[in-house]
Amino acid sequence: MTAAYVALEGGHVLEARGRAPGTARGELVFTTAYTGYEESLTDPSYEEQILAFSYPLIGNYGVREERFESDRVHPRAVLAKELTEDVADWLASEGVPAVDRLDTRDVVTDIRDSGAMKCGIAVGEDVTEEDALAELEACKAMSEHTEIGEQVSVDEQTTYGADNDGETVALVDCGAKGSIVDSLLARNATVHVLPHDASAHDVDALEPDILFISNGPGDPANYEHAIDLVQAFAEDTPVAGICLGQQIVAEALGGATEKMTFGHRGVNQPVLDLESGQVVMTTQNHGYTVAEPGDHLEVTQINVNDDTPEGLDGVDYDIITRQYHPEANPGPEDTLDFFDDVLAMADARATTAVPADD
Ligand SMILES: NC(=O)CC[C@H](N)C(=O)O
């Protein structure tokens, strides 16, 4: 059996079964999702994190590329009670260390008590506890990953759905899930995917109906280019954001974000819409939250478990954002209408700004 060690912040080292070799370090977080491991493992928002699955069996319906949210695995390492051969082989082929046969109940309880923590991992024939501890020692806090947007964003602007005749979306890619682009294309939008450090000039050149800030990894305060864009465009162009996108919009418009203890990661997070009184089930993956919306934004939806903001609307500007993932991969699909609302907001503004010829 391959040796496997997991070193937790504070120096406690767990032994496990090695399933994919290598050494790695990252912020240890857990997800309670019981389906959607293909989507989670390819979600760019997990960059620089180590993902522990609380659901005990991961991989029981195989690995299919059509479920992937990006072109690679993003967590630095994976922990589970039991991984199937399919998933272990996939992670090995991606060079992502993986372990199982450890008590993930203990790991999750630890994270719930102490918060997301630094972690080092070593898996292989000859590795020792010291190798895992050396990784832990080298692990940076998430907020210190100041270039994280660069690691996950496109290098060059790419256009999808050029022949579509719906709204024109400028999607700032801070680590966008593929299904956000798919959800917009399915509604006939033309989607220009822009690098995380796109300039106001780049966006202007596209004459977008809406500026859309994607999800993404790390601390929202480290996305200064996207923050600048929201400040430059919010007054005259409708703005939308998902997850990191909501946080960036808040940072840009006088609000504030803060790190949560262990965050929200799973596929059954309940969200209350404050106006309708309706509760919807949502997919989530975030460790930061909007602490203060600021004067330009109002909270329209909250998490039923801890009251944190899940949706924001502009007070004086056309803005809609969500902290959860309305693109709903792997589901539930309760919140897909977010995309209809966003495109309707852009359409309404375009119609008012440029009156149609009689
Ligand atoms: N999925 C996301 O966009 C995550 C946003 C941010 N990195 C957080 O952890 O809160």
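Small disclaimer: the values here were computed from a predicted structure and weren't measured.

**Brief notes about the side chain of Thr-300**
Inspection of the secondary structure assignment puts Thr-300 in strand β17 (residues 297–303). Sequence-distant contacts of Thr-300, that is, excluding residues within four places in its chain, are made with Leu-272, Asp-273, Leu-274, Glu-275, Gly-311, Leu-312, Asp-313 and Arg-322.

**Focus: the domain arrangement of the chain**
The domain architecture assigned to the chain consists of domain 1 (3–140) and domain 2 (148–353). Summarising the inter-unit geometry, the C-alpha centres of domain 1 and domain 2 are found 28 Å apart. Contacts between domain 1 and domain 2 engage 27 residues on the former and 21 residues on the latter. In this assembly, domain 1 packs against domain 2 so that about 1900 Å² is buried in total across both faces, 49% of it on carbon and sulfur atoms. On the domain 1 side of the interface with domain 2, the three residues burying the most area are Pro-44, Ser-45 and Glu-69, jointly 27% of the side's total. Our count for the domain 1 to domain 2 interface comes out at one salt bridge.

**Points about the site of the ligand**
Looking at the ligand, there are 13 residues lining it, with Gly-216, Gly-218, Asn-285, Gly-287 and Tyr-288 nearest. Gly-216 is positioned such that a nitrogen or oxygen atom in its backbone is 2.8 Å from a nitrogen atom of the ligand. Take Asn-285: an N or O atom from its main chain is 2.8 Å from a nitrogen atom of the ligand. Contact with the protein chains removes 98% of the 300 Å² of surface that the ligand exposes when unbound. Elements that contribute at least two residues to the shell around the ligand include exactly α9 (244–252) and β16 (279–292). Examining the composition of the shell around the ligand, we find that four residues originate from one element, β16, more than from any other.

About the cut-offs
- Residues numbered from 1 in each chain as written.
- Predicted model: local features only at pLDDT ≥ 70, side-chain atom pairs only at ≥ 80, totals over all residues.
- Heavy atoms only, no water.
- Helix = DSSP H or I, 4+ residues; strand = E, 2+ residues; numbered from the N terminus.
- Contact = heavy atoms within 4.5 Å.
- Domains from an automatic or database assignment.
- Buried area = accessible area lost by both parts, 1.4 Å probe.
- Salt bridge = Lys/Arg side-chain N within 4 Å of Asp/Glu carboxyl O.
- Near = heavy atom within 4 Å.
- Polar contact = N/O pair within 3.5 Å; in protein donor to acceptor, adjacent residues only side chain to side chain.
- Areas by Shrake-Rupley, 256 points an atom, 1.4 Å probe, with all protein chains shown as cover.

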